[in-house]
Amino acid sequence: MPDTIRCAVIGYGPMHNFGWAHCAWIDHTPELELVGVCDIDSERTEAAKADWPGIETWSSTEDLLARDDIHLVSIVTPHFTHCRIAVEALQAGKHVVVEKAMCLNVAEATAMIEAAGAAGRTLAVHHNRRHDGNFRRIKQLVDDGEIGEVFQIDLQAGGYGDPEHGWYTQKARGGGAFYFWGPHAVDWVLALVGEKMTGVTGFFHKLVWDHLDIEDQVRALIRFESGCVADVMFSHINAAPRPLWRILGTEGAIIDAGAGATKGYEHVVSTPPQGSVKLIRVSDRGRKREEIEVANLGNDWDSYWQDLADHLLRGAPVPVSGHDGRRTIAVFETAEKSSRTGRTEPVPYEDG
Ligand SMILES: NC(=O)c1ccc[n+]([C@@H]2O[C@H](COP(=O)([O-])OP(=O)(O)OC[C@H]3O[C@@H](n4cnc5c(N)ncnc54)[C@H](O)[C@@H]3O)[C@@H](O)[C@H]2O)c1
């Protein structure tokens, strides 16, 4: 590896400004160099040139992947394209960062992992929201034992409203209702619990938004080895939302209403702390109880990219591996299967 990793971003979309965000993180990281942007839409490559004067642009991944002087590509395109582009990039000898959702199903995830192995290149999944300030605080409180042993996690988002959102809300292109926000949520839960999953029970509802072919509400109950259970739900028909997070432990609880959660990435690579979580501590067998507002940490999304440089240049661990990314996809796939069979289903690859 040279001293600097030369990078290209594939996908410079307008919906969330997220190709811009990848360019900004690469540009911000000293040992990564932003060489250019690839998008099939010429308006988007023009936008990229205006935002990043001097970069190169490509209108097809084929032209980009033929370039020997590009070491890494980050894929920021719609979900249904991730597997194909990642496998082609790995076969062309590039390291790959792929946006969440990693892909549409476990078979695609496995093909990506195998392509990385065969090429001897890195596959990293951009679960950047492990770096969100509220999640960083929650994980610190749990890891420090502030609420004792965690036995139940409730995480839910959404509300009541038409979810129409371009390709995201087309099942074949987006993956379904779990694949928009679900990758963040399931990745958080898996990072927090750090145990093998023993099964997933899924509940999918399709009742109201008939003009779309994605689910109106999806829910996965994830069982872990220790008996801990996580209940993760996304809804577009929930007229009575609960807090974003409620975590129960043997000595207390954490509640996060979600007010400090990130609202977007416009023109920032990281942000100072915003908002707080409520820490409830009980002692003396429940006779003593205290409630404390604990300020969130900052959103240090740029650390993901420094970790990536450390991995590629100095052999540090990959920030989020393909195997980690596949676990999240496996939860969605298993929840969907369970919603059809009515049984708790085992999760593929959890035993190695
Ligand atoms: N991590 C996060 O917080 C976060 C936030 C927003 C979006 N995302 C993810 O980013 C990805 C892109 O989402 P978006 O909202 O930017 O979508 P978008 O539709 O706004 O942008 C996608 C872009 O990809 C381009 N594209 C499509 N196929 C292509 C191909 N074969 N080659 C080159 N370019 C191609 C399109 O022309 C478009 O400009 C998704 O995986 C999404 O989930 C992640």
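What counts, and where the lines are drawn
Residues numbered from 1 in each chain as written. Predicted model: local features only at pLDDT ≥ 70, side-chain atom pairs only at ≥ 80, totals over all residues. Helix = DSSP H or I, 4+ residues; strand = E, 2+ residues; numbered from the N terminus. Rg over C-alpha atoms; globule rule 2.2 N^0.38 Å. Buried ≥ 20, exposed ≤ 12 C-beta atoms within 10 Å, placed from the backbone. Contact = placed C-beta atoms within 7 Å. Near = placed C-beta within 6 Å. Nonpolar A, V, L, I, M, F, W, Y, C, P; charged D, E, K, R; others polar. Pairing = 2+ DSSP bridges. Axes fitted to C-alpha atoms, helices over the stretch in contact; angles between N-to-C directions. Arc of directions from axis to C-beta. Core = buried A, V, L, I, M, F, W, Y, C linked by C-beta atoms within 7 Å. Domains from an automatic or database assignment. Right-handed = clockwise from strand over helix to strand, strands pointing away.

(A) Representation of the overall build of the protein chain in the model. In terms of helices and strands, the protein chain carries ten helices and 14 strands. Radius of gyration (C-alpha) of the protein chain: 20 Å, near the 20 Å computed for a compact globule of 352 residues. Taking the principal axes of the C-alpha coordinates as reference, the protein chain spans close to 65 × 40 × 40 Å. Here the protein chain, with 352 residues, has 46% of them falling under the buried criterion. Pairs at least 24 residues apart make up 69% of the contacts formed inside the protein chain by residues separated by at least 6 positions.

(B) Seen up close, the site of the ligand. Near the ligand, the surroundings consist of 24 residues, among which Gly-11, Gly-13, Met-15, His-16 and Glu-99 are the closest. Residue composition of the shell around the ligand, grouped by class: nine nonpolar, nine polar and six charged.

(C) View of the sheet that holds strand 6 (residues 123-126). Strand order in the open sheet made by the six strands is 3-2-1-4-5-6, with parallel pairing throughout. Both outer strands of the open sheet, strand 3 (56-58) and strand 6, are each paired with one neighbouring strand and no more. Neighbour-to-neighbour, the strand axes of this sheet turn through a mean angle of 25°, independent of strand direction. Across four bridges, the pairing between strand 1 (residues 5-10) and strand 4 (residues 72-75) is parallel. Bridging across to strand 4, Cys-7 finds its partner in Leu-72.

(D) Helix 2 (residues 42-51), seen in detail. All buried positions along helix 2 are accounted for by Thr-45, Ala-47 and Ala-48. For helix 2, the buried positions fall inside an angular range of 155° around the axis, keeping them on one side. Away from the buried face of helix 2 by more than 90 degrees, exposed residues Ser-42, Glu-43 and Ala-50 are located. Of the surrounding secondary structure, the elements contacted by the buried residues of helix 2 are helix 1 (18-28), strand 2 (32-38) and strand 3.

(E) Here's a closer look at the pairing of strand 1. Counting buried positions along strand 1 gives five out of six residues, so the element sits mostly inside the fold. Pairing analysis gives six bridges linking strand 1 to strand 2, with the strands arranged parallel. Considered in strand 2, the bridge of Val-9 is made with Val-37.

(F) How the structure looks around the nonpolar core. Ranked by internal contacts, the top residues of the largest apolar core, which has 99 residues, are Ala-8, Ala-86, Met-112 and Val-189. Split by domain, this core shows at least three residues from each of two domains, domain 1 (5-129 + 303-319) and domain 2 (130-299 + 330-341). In this view, Val-189 contacts Ile-153, Leu-155, Ile-222, Ala-230 and Val-232; residues no more than four positions away in its chain are not counted.

(G) Main features of the sheet that holds strand 14 (residues 288-295). A sheet is described by the order of its strands in space; here eight strands give the open sequence 8-9-10-7-11-12-13-14, paired in mixed fashion. The sheet is open, and its two borders are formed by strand 8 (197-205) and strand 14, each paired with just one other strand. Between one strand and the next, the sheet's axes are offset by a mean angle of 10°, whatever the strand orientation. Where strand 13 (residues 276-283) and strand 14 come together, eight bridges link them in antiparallel fashion. By the bridge assignment, Lys-278 is partnered in strand 14 with Glu-293. Helix 8 (residues 182-193) contacts strand 7 (150-158), strand 9 (217-224) and strand 10 (229-235) of the sheet and is inclined by roughly 170° relative to strand 10.

(H) Spatial organisation of helix 4 (residues 82-91). By the criterion of burial, helix 4 is predominantly enclosed, with seven of the ten residues buried. Where helix 4 is buried, its residues meet strand 1, helix 3 (61-65), strand 4, strand 5 (95-99), helix 5 (106-119) and strand 6. One or two residues past the end of helix 4 sits Gly-93, with phi positive at roughly 90°.

(I) The arrangement of the pairing of strand 6 in detail. Alternating residues of strand 6 divide into Leu-123 and Val-125 and Ala-124 and His-126, and every residue in both groups is buried. Assessed by its sense of winding, the connection that carries the chain from strand 5 through helix 5 to strand 6 is right-handed.

(J) Up close: the environment of Val-87. As for its position among the elements, Val-87 is in helix 4. Under the C-beta neighbour-count criterion, Val-87 is labelled buried, with 21 such atoms within 10 Å. A sequence separation of 246 residues divides Val-87 from Glu-333, and the C-alpha atoms of the two residues are 21 Å apart. Not counting chain neighbours up to four residues away, the residues in contact with Val-87 comprise Ala-111, Met-112 and Ala-115.

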